[in-house]
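# Inside the fold
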Amino acid sequence: MKDIKKYAIQLIVIILCLVCIIGVIHYGLNTAGTPRRYENTIASIDEELSGVLKLSALTTGISATITAIPGDTGTPIAEHLMTLTTWLLVITVVLFFEKYSLTLLGKLIFIIVLPIIIGTFGAGLLKHSKKILLKSVNGLLIAALIFFAIPISVGLSNEIKETYEFSLDNTLAEAENAKAKTDDATNDYSDDDKNFIEGAISKVTDAVSSTVMGGLDAAENFLNTLVESLAVLVVTSCIIPILVLIIFVWIIKKLIEVDLSKPLLICHDHIDKSAK
């Protein structure tokens, strides 16, 4: 009779583990591994990604346009703008990584990692092994922290932007204004050269027209605005995810040091005693 109860308990543990494994795999295939599970997070990343890509294109265009102006008047601004496009590229890569990591991590954790952890947990209960139970519980906590890392970092980034009322719209408006004025500046220089060659209009060749100065001033103002926006973007898109990862690693390290298997073993002992 005692053996029957013991085997019955073991059978229940195995069945529960199998049900949990099937459940998490089903959730991973139909929910955790699909974009709709992270709809709000992906929408937030897409919005920022769209702005960064547009800003990068405008910055490159403004730099190229300024370079087309004869002389070295706008060269320093153009060089600074091209340097800043490197940072925009880094931010773009980070945002793409965050976006596609959401579904990949969801599938990896729920289809592969959690079934292994559940199976290990069941084996620990059946073998009454404190070491196996501790590893499985810690593994579960680590998987949970990894799964929520990106959504938490995106949420914190959005919170900072809302707190400081940061938006790329103002920077994009400044970029479009600078692009229009620098285009006018290059067109003005082209017209000056053409008229000079044709002899229709005579101008002082070493003077810079008001249109050109307006274009360079707009480009300089945009450069200052871009530096400020990049500082915020680097913090929200790069530094915050790294800080979240560091904090999670610290939490994982602390959790590994804690023996979380003791309550489970006490419960298991109680079930064994009741079976006897």
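In this text, all values refer to a predicted model and were calculated from it rather than measured experimentally.

What follows covers the overall build of the protein. Within the protein one finds 7 helices and 0 strands. The order of helices and strands in the protein, counted from the N terminus, is α-α-α-α-α-α-α. In the protein, which comprises 276 residues, the share counted as buried stands at 37%. At a minimum sequence separation of 6, the contacts of the protein that also span at least 24 residues come to 86%.

What follows covers the layout of surface pockets. The gaps of empty space that remain are located by a probe, the size of a water molecule, rolled over the atoms. Counted as a void, the second largest pocket has a volume near 330 Å³. Forming the boundary of the second largest pocket are 19 residues, of which F97, A149, I150, P241 and L245 lie nearest the centre. If you tally residues by element for the lining of the second largest pocket, the top one is helix 6 (residues 210-257), at 9 residues. Here the lining of the second largest pocket is composed, by residue class, of 15 nonpolar, 3 polar and 1 charged.

All told, the structure shown has 4 salt bridges when counted by the stated rule. Here E48 and K161 are joined by a salt bridge, their closest N and O atoms 2.4 Å apart. Here K161 lies in helix 4 (residues 130-163) and E48 lies in helix 2 (residues 39-67), a separation of 113 residues in the sequence. On the basis of relative accessible area, K161 is assigned to the buried category, the value being 13%.

Okay, empty space enclosed by the protein next. Scanning the model with the defined rule gives 2 cavities of 30 Å³ or more in all. Estimates place the volume of the largest cavity at around 90 Å³. Every element with two or more residues in the lining of the largest cavity is listed here: helix 2, helix 3 (75-127), helix 4 and helix 6. A total of 5 residues in the lining of the largest cavity trace back to one element, the largest contributor, which is helix 4. Taken as a whole, the second largest cavity encloses approximately 30 Å³ of empty space. If you go around the second largest cavity, the residues you meet are S101, L102, L105, G106, I146, F147, I150 and P151.

Residues with a pLDDT of 70 or more make up 82% of the protein, whose mean pLDDT is 80. Here residues 192-208 is a poorly scored stretch, pLDDT under 50, and it has 9 contacts once near neighbours within four places are set aside; other chains count.

Once that is clear, we can look at the nonpolar core. Core analysis: the largest hydrophobic core is formed by 51 residues, its most contacted members being L55, I62, I66, L81, I91 and F222. For this core, the element with the most residues is helix 3, which contributes 14 residues. Setting aside residues no more than four positions away along its own chain, L81 makes contact with T59, I62, S63, I66, F222, L223 and L226. Core analysis: the next-biggest nonpolar cluster, separate from the first, contains 6 residues, L145, A149, I240 and F248 among them.

On to the packing of aromatic side chains. What the rule picks out here adds up to 5 aromatic pairs. Residues F110 and F147 carry aromatic rings whose centres are separated by 5.2 Å and whose planes lie at 75 degrees to one another, so their mutual orientation is edge-to-face. Residue F110 is found in helix 3, and its partner F147 is found in helix 4; the two are separated by 37 residues along the sequence. For the residue pair F110 and F147, the accessibility class agrees, reading buried in each case. Judged by centre distance (5.1 Å) and plane angle (75 degrees), the ring pair of F147 and F148 falls under edge-to-face.

What follows is about helix 4. At 3.6 residues per turn, the α-helix brings residues three or four places apart onto the same side. A rise of 1.5 Å per residue sets the reference length of helix 4, with its 34 residues, at 50 Å; its end C-alpha atoms lie 47 Å apart and thus fit the reference within 8%. Within two residues after helix 4, E165 carries a phi angle of roughly 55 degrees, on the positive side.

Attention shifts here to the packing of helix 2 against helix 3. Remark: helix 2 packs on helix 3, axes separated minimally by 9 Å, with the N-to-C direction vectors making an angle of 160 degrees. With respect to helix 3, the element helix 2 is oriented roughly antiparallel. In this structure, helix 2 crosses over helix 3, and the sense of that crossing is left-handed.

Relative to the elements of secondary structure, S157 occurs in helix 4. For S157, the contacting residues outside a window of four places in its chain are T236 and I240.

Rules used in this analysis
- Residues numbered from 1 in each chain as written.
- Predicted model: local features only at pLDDT ≥ 70, side-chain atom pairs only at ≥ 80, totals over all residues.
- Heavy atoms only, no water.
- Helix = DSSP H or I, 4+ residues; strand = E, 2+ residues; numbered from the N terminus.
- Buried < 20%, exposed > 50% of the residue type's maximum accessible area, 1.4 Å probe, protein only.
- Contact = heavy atoms within 4.5 Å.
- 1 Å grid on protein atoms, 1.4 Å probe; cavity = no way out; pocket = protein on both sides within 12 Å on 5 of 7 lines; lining within 4 Å.
- Points joined across faces, edges and corners; volume = space filled by probe spheres on them.
- Nonpolar A, V, L, I, M, F, W, Y, C, P; charged D, E, K, R; others polar.
- Salt bridge = Lys/Arg side-chain N within 4 Å of Asp/Glu carboxyl O.
- pLDDT = per-residue confidence, 0-100.
- Core = buried A, V, L, I, M, F, W, Y, C linked by side-chain atoms within 4.5 Å.
- Phe/Tyr/Trp six-rings, centres within 6.5 Å; stacked < 30°, edge-to-face > 60°.
- Expected span 1.5 Å × (residues − 1).
- Axes fitted to C-alpha atoms, helices over the stretch in contact; angles between N-to-C directions.
- Parallel < 35°, antiparallel > 145°, perpendicular 65-115°, else oblique.
- Left-handed = near helix turned anticlockwise from the far one by under 90°.

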